[in-house]
Amino acid sequence: MFKKWFGKKEKSAHEDVVAPLTGTIKPLEEVPDPVFAQKMMGDGIAIEPTGGEVVAPVDGEVVQVFPTKHAVGLRSEAGVELLIHVGLETVSMNGEGFTAHVKAGDRVKKGQRLLTVDFGLVQQKAKSTITPIIVTNGDAVASLEKSSETTAVKGETVLFRIEMKA
């Protein structure tokens with residue numbers, strides 16, 4: 001009986017994922033890249049950004065910052081694995097216009113700055129600025145409820161609610 005009052009707090013089995021960027025929310029199917037649009041990497045949502053700062057959408061750990069700084073992988077406290085892929089065909093920019101503020105192994109809090117991006121440069125040098133936010137471990141997800149919002153404020157707007165499998 002006392003264990004539930006004084007015992008270890010269990011990790012939450014659900015996660016609210018907030019927008020890592022400010023901009024217009026788009027369905028993943030509208031991303032002009034079949035890898036994302038056909039959900040080959042997983043389900044998610046995309047944002048057409050209006051600001052140049054990418055923030056943590058969850059409390060958790062940075063799993064990977066790609067060497068070209070165009071993408072970040074995160075694992076939330078509840079076990080949700082996310083990929084934030086800034087723009088399309090941005091890997092060819094070799095990090096130009098991207099500044100990483102975190103590295104693999106860092107613990108982050110929701111709303112903490114991950115990257116700054118020169119989206120003007122991305123518009124000139126890459127296919128698109130649209131940024132997919134993908135749940136890469138969908139096999140561990142019981143349900144994913146997407147927001148009906150059309151605009152996102154970084155660190156605030158909930159993009160989706162995820163319930164993890166037990």
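The preceding data block contains the structure.
Computed from a prediction, not measured in an experiment: that's the story for all the values here.

### So, the overall build of the protein
Secondary structure summary: the protein contains three helices and 14 strands in total. Along the three orthogonal principal directions, the C-alpha set of the protein runs to about 60 × 30 × 25 Å. Per-residue burial over the protein gives 43% buried out of 166 residues. Residue pairs in contact within the protein that sit at least 24 positions apart in sequence constitute 71% of those at least 6 positions apart. Charged side chains of the protein number 20 positive and 22 negative; the gap between the two group centres comes to 6 Å.

### Thoughts on the nonpolar core
The biggest cluster of nonpolar side chains holds 37 residues, and the ones touching the most others in it are Val54, Val86, Leu114, Val117, Leu159, Phe160 and Ile162. The set of elements that each furnish at least two residues to this core consists of strand S3 (43-49), strand S5 (60-65), strand S6 (71-76), strand S7 (81-85), strand S10 (113-117), helix H3 (119-125), strand S11 (131-135) and strand S14 (158-164). Looking at which element gives the most residues to this core, the answer is S14, with four residues. By size, the runner-up hydrophobic cluster in this structure holds nine residues, among which are Leu28, Phe36, Leu83 and Leu88.

### A closer look at the sheet that holds strand S8 (residues 98-100)
Taken together, three strands build an open sheet; the order of strands is S4-S10-S8 and the sheet is antiparallel. What marks the edges here is a single partner per strand, and that holds for strand S4 (53-55) and S8. Looking at each pair of strands side by side, their axes are set apart by 20° on average, direction ignored. Note that S8 and S10 share three bridges and pair antiparallel. Directly across from Phe98, in S10, lies its bridge partner Val117.

### So, the pairing of S10
Bridging between S4 and S10 involves three bridges; their strand directions are antiparallel. Looking across to S10, one finds that Glu53 is bridged to Thr116.

### Some remarks on the environment of Ile162
With respect to the helices, strands and loops of the structure, Ile162 is situated in strand S14. A C-alpha to C-alpha distance of 14 Å links Ile162 and Asp59, two positions 103 residues apart in sequence.

### Digging into the sheet that holds strand S9 (residues 107-108)
Within the open sheet, the eight strands sit side by side as S9-S5-S6-S7-S11-S3-S2-S13. Their pairing is antiparallel. Here the strands that pair on one side only, and so sit at the sheet edges, are S9 and strand S13 (151-152). Judged from the five bridges that link them, S6 and S7 form a sheet pairing that is antiparallel. The residue of S7 that forms the bridge with Val72 is Ile84.

### Quick word on the pattern of salt bridges
One pass over the full model with this rule turns up twelve salt bridges. In this structure, the salt-bridge partner of Lys39 is Asp43, at a minimum N-O distance of 3.4 Å. Residue classification places Lys39 among the partly exposed positions, given a relative accessible area of 30%. When its relative accessible area of 26% is taken as the criterion, Asp43 is described as partly exposed. Between Arg75 and Glu61 there is a salt bridge, and its shortest N-O distance comes to 3.7 Å. A residue pair is termed long-range when its members are at least 10 positions apart, and Arg75 in strand S6 and Glu61 in strand S5 qualify at 14 residues. Judged by its relative accessible area of 33%, Arg75 is partly exposed.

### Some words on unusual backbone geometry
Residues other than glycine seldom take positive phi values, yet Lys69 does so here, at roughly 60°. One can find Lys69 in the loop between S5 and S6. Look at Asn94: it is not a glycine, yet its phi comes out positive at around 50°. Mapped onto the fold, Asn94 is located in the loop between S7 and S8.

Definitions and limits used
Residues numbered from 1 in each chain as written. Predicted model: local features only at pLDDT ≥ 70, side-chain atom pairs only at ≥ 80, totals over all residues. Heavy atoms only, no water. Helix = DSSP H or I, 4+ residues; strand = E, 2+ residues; numbered from the N terminus. Buried < 20%, exposed > 50% of the residue type's maximum accessible area, 1.4 Å probe, protein only. Contact = heavy atoms within 4.5 Å. Lys, Arg positive; Asp, Glu negative; His and termini not counted. Charge placed at Lys NZ, Arg CZ, Asp CG, Glu CD. Core = buried A, V, L, I, M, F, W, Y, C linked by side-chain atoms within 4.5 Å. Pairing = 2+ DSSP bridges. Axes fitted to C-alpha atoms, helices over the stretch in contact; angles between N-to-C directions. Salt bridge = Lys/Arg side-chain N within 4 Å of Asp/Glu carboxyl O.

Bear in mind that shape data such as this cannot, by itself, settle questions of function.
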